[in-house]
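Listed below are the residues making up each chain.
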Amino acid sequence: MKVLVVGTGAREHAIADALKDDVDLYCYMSKINPGMSKIAEFRQGDEGEVEKVAEYALENDIDIAFIGPEAPLGKGIVDELQKNGIPCVGPTQSAARIETDKSFMRKLFEDYEIEGSLVYKVFDNSKDVSEFLDEFDRDVVVKPVGLTGGKGVKIVGDHLKDNEEAKEYSCEVIDNVMGGFAQVIIEERLIGEEFTIQAFCDGEHLAPMPAAQDHPHAFEGDVGAITGGMGSYSDVGGLLPFLTQDDYDKAVAIMQETLKAIAKEAEPYKGILYGQFMLTADGPKLIEYNARFGDPEAMNVLPLLKTPLADVCKAIVDGNLDSVEFEDKASVCKYIVPDGYPETEHAGELIEVDEAAIEKMGAKVFYAAVSQEDDGIHLSGSRALGIVASGESIEEAEKIAEKACEFVKGNVYHRSDVGTADLVAKRVEHMKEILN
Ligand code: GLY
């Protein structure tokens with residue numbers, strides 16, 4: 001079977017790595033990913049030029065295309081590939097609205113009475129925003145309705161001082177048509193612990209993966225700018241130290257109801273559904289959905305797959321997905337990023353990655369926003385590579401991942417607290433306080 005992976009980052013590297021032993025692998029990527037280029041045939045090109053991706057797929061008789069990032073999904077890459085007879089792991093443009101149109105997503109919860117929603121409103125003018133916020137006595141989260149590459153969401157208490165600043169930012173979102181909509185969505189700010197559940201979906205059936213927790217803040221102790229994610233962990237049993245089986249099952253039930261609703265309101269959803277939840281005193285609430293694997297969370301779960309990913313892809317496109325098995329292990333992923341990140345002051349610089357030493361330690365490297373050139377691996381402004389380890393406990397996986405990070409040299413840093421016993425205990429304590 002010939003499988004095409006579209007995308008260039010660590011998430012796509014993890015997908016490609018999970019497929020490589022069972023398929024003839026092809027990649028379409030905007031930058032030359034040092035890991036993917038070693039294990040696949042590839043073409044360098046803009047992943048958003050969907051007709052060109054389809055041409056490449058046809059030239060190579062691709063059997064299944066796996067779409068990594070959200071931007072091509074928003075541009076209808078799956079519709080284009082399907083029009084050319086190529087089945088995909090990834091939703092059509094209309095089903096991908098679960099991520100690309102947040103007002104569609106919230107309305108789906110309302111119309112189909114799906115549990116786990118929250119107080120929200122969509123606005124298209126500053127007067128209504130002001131009136132609402134003058135009356136609303138809790139902190140809010142301000143979101144552009146469309147895609148903004150993870151940079152548009154601002155939270156009162158994090159990026160915004162108070163609801164007055166939320167008003168100003170809301171107007172900016174509307175006036176600048178951020179994310180492609182002259183609208184803004186304002187939601188209540190939830191209090192709790194965030195967690196992620198990712199699921200394989202074949203349009204009707206859903207196979208959930210182990211839960212994971214990402215760390216969006218740039219620096220240790222959960223301070224600094226909100227980033228794309230500095231690292232993540234998953235635990236044995238597929239749960240998290242603060243997440244019970246009941247919480248997990250409730251979150252999966254919300255995803256299952258959503259899958260049914262998308263099929264009715266748009267089209268059957270085939271691909272990966274990523275649910276970002278907040279565990280609150282009232283149970284899991286949905287913060288947002290993504291129409292693709294999480295980054296870094298893909299790196300936690302894909303190396304633990306026992307069912308071959310190639311078989312899962314086939315079942316997704318054929319519509320006969322059954323349960324998917326994972327090794328019962330914990331995992332820790334640490335992202336190595338350029339010094340100063342999320343600023344881009346070291347873009348273009350060379351780094352050294354001793355892959356052999358990292359692998360000898362039992363860890364894996366997944367390359368992200370770097371590019372392979374003749375003289376070596378160059379940083380861009382963004383996250384450079386994920387180091388992932390698994391073990392019998394989070395503690396064991398963390399120690400391996402942390403040690404492996406020493407084998408990356410250059411102007412880079414990582415959060416050494418991700419997955420440590422202290423930080424995990426803080427999460428558990430926080431959740432206990434909320435529940436009491
Ligand atoms: N971990 C955040 C994301 O994948 O969007």
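Scroll up to find the structure.
The model shown is predicted, which means the values in this text are computed figures rather than measured ones. (Residues numbered from 1 in each chain as written. Predicted model: local features only at pLDDT ≥ 70, side-chain atom pairs only at ≥ 80, totals over all residues. Heavy atoms only, no water.)

To continue, consider the side chain of Glu187. Inspection of the secondary structure assignment puts Glu187 in strand β9 (residues 184-188). With relative accessibility at 3%, the residue Glu187 sits in the buried group. A distance of 3.0 Å separates a polar atom in the side chain of Glu187 from a polar atom in the side chain of Arg106. Within the structure, the side chain of Glu187 is placed 2.9 Å from the side chain of Lys143, a separation counted as a polar contact. (Helix = DSSP H or I, 4+ residues; strand = E, 2+ residues; numbered from the N terminus. Buried < 20%, exposed > 50% of the residue type's maximum accessible area, 1.4 Å probe, protein only. Polar contact = N/O pair within 3.5 Å; in protein donor to acceptor, adjacent residues only side chain to side chain.)

Here we come to helix α9 (residues 163-175). Compared with an ideal rise of 1.5 Å per residue, which puts 13 residues at 18 Å, α9 spans 18 Å between its outermost C-alpha atoms and is within 8% of the ideal. Three or more residues of α9 are buried, namely Asn163, Ala166, Lys167, Tyr169, Ser170, Val173 and Ile174. Contacts from the buried residues of α9 go to β6 (120-123), α8 (126-135), β7 (140-144), β8 (154-155) and β9. A distance of 3.1 Å separates the backbone nitrogen of Glu164 from a side-chain oxygen at the start of α9, and that oxygen is part of Asp162. Immediately downstream of α9, the backbone of Val177 shows phi near 50°, a positive value. (Expected span 1.5 Å × (residues − 1). Contact = heavy atoms within 4.5 Å.)

This part is about the site of the ligand. If you check the shell around the ligand, you find Asp214, Gly228, Tyr274, Asn290, Arg292, Gly294, Asp295, Pro296 and Glu297 and nothing else. In this structure, a nitrogen atom belonging to the ligand sits 2.8 Å away from a side-chain N or O atom of Glu297. For the ligand, the accessible surface in isolation is 200 Å², of which the surrounding protein chains cover 81%. Looking at the shell around the ligand, its residues break down into two nonpolar, three polar and four charged. (Near = heavy atom within 4 Å. Areas by Shrake-Rupley, 256 points an atom, 1.4 Å probe, with all protein chains shown as cover. Nonpolar A, V, L, I, M, F, W, Y, C, P; charged D, E, K, R; others polar.)

Relative to each other, α8 and α9 sit at 160°, their axes nearing to 10 Å. In terms of axis orientation, α8 runs roughly antiparallel to α9. Viewed along their axes, α8 and α9 form a crossing whose handedness is right-handed. In contact with Ser126, Val129, Ser130, Leu133 and Asp134 of α8, α9 contributes Asn163, Glu164, Ala166, Lys167, Ser170, Cys171 and Ile174. Classifying every residue of the contact of α8 with α9 gives five nonpolar, four polar and three charged. (Axes fitted to C-alpha atoms, helices over the stretch in contact; angles between N-to-C directions. Parallel < 35°, antiparallel > 145°, perpendicular 65-115°, else oblique. Left-handed = near helix turned anticlockwise from the far one by under 90°.)

All right, on to unusual backbone geometry then. The linkage connecting Asp295 with the following residue, Pro296, adopts the cis geometry, with an omega of 25°. Note on placement: Pro296 falls in the loop between β17 (283-290) and α11 (297-301). For the bond running from Tyr341 to Pro342, omega is 15°, close enough to zero to count as cis. Here Pro342 shows up in the loop between β18 (330-338) and β19 (350-353). In this structure, Val177 takes a positive phi of about 50° despite not being glycine. Along the chain, Val177 turns up in the loop between α9 and β9.

Let us now look at the sheet that holds β6. If you trace the four strands from one edge of the open sheet to the other, you get β6-β9-β7-β8, paired in antiparallel fashion. Of all strands in the sheet, those bounded by a partner on one side alone are β6 and β8. Across four bridges, β6 lies against β9 in antiparallel orientation. The partner of Lys121 across the bridge, within β9, is Ile186. (Pairing = 2+ DSSP bridges.)

Turning our eyes to something else, we now look at the sheet that holds β17. The sheet built from four strands is open, its strands ordered β11-β10-β16-β17 with antiparallel pairing. Of all strands in the sheet, those with a lone pairing partner are β11 (206-208) and β17, marking the two edges. Going across the sheet, the axis of each strand differs from the next one's by a mean of 30°, ignoring polarity. Note that strand β10 (residues 193-203) and strand β16 (residues 269-280) share eleven bridges and pair antiparallel. The partner of Ile197 across the bridge, within β16, is Gly275. Strands β10 and β16 of the sheet are contacted by helix α12 (residues 309-318), whose axis makes an angle of about 65° with β10.

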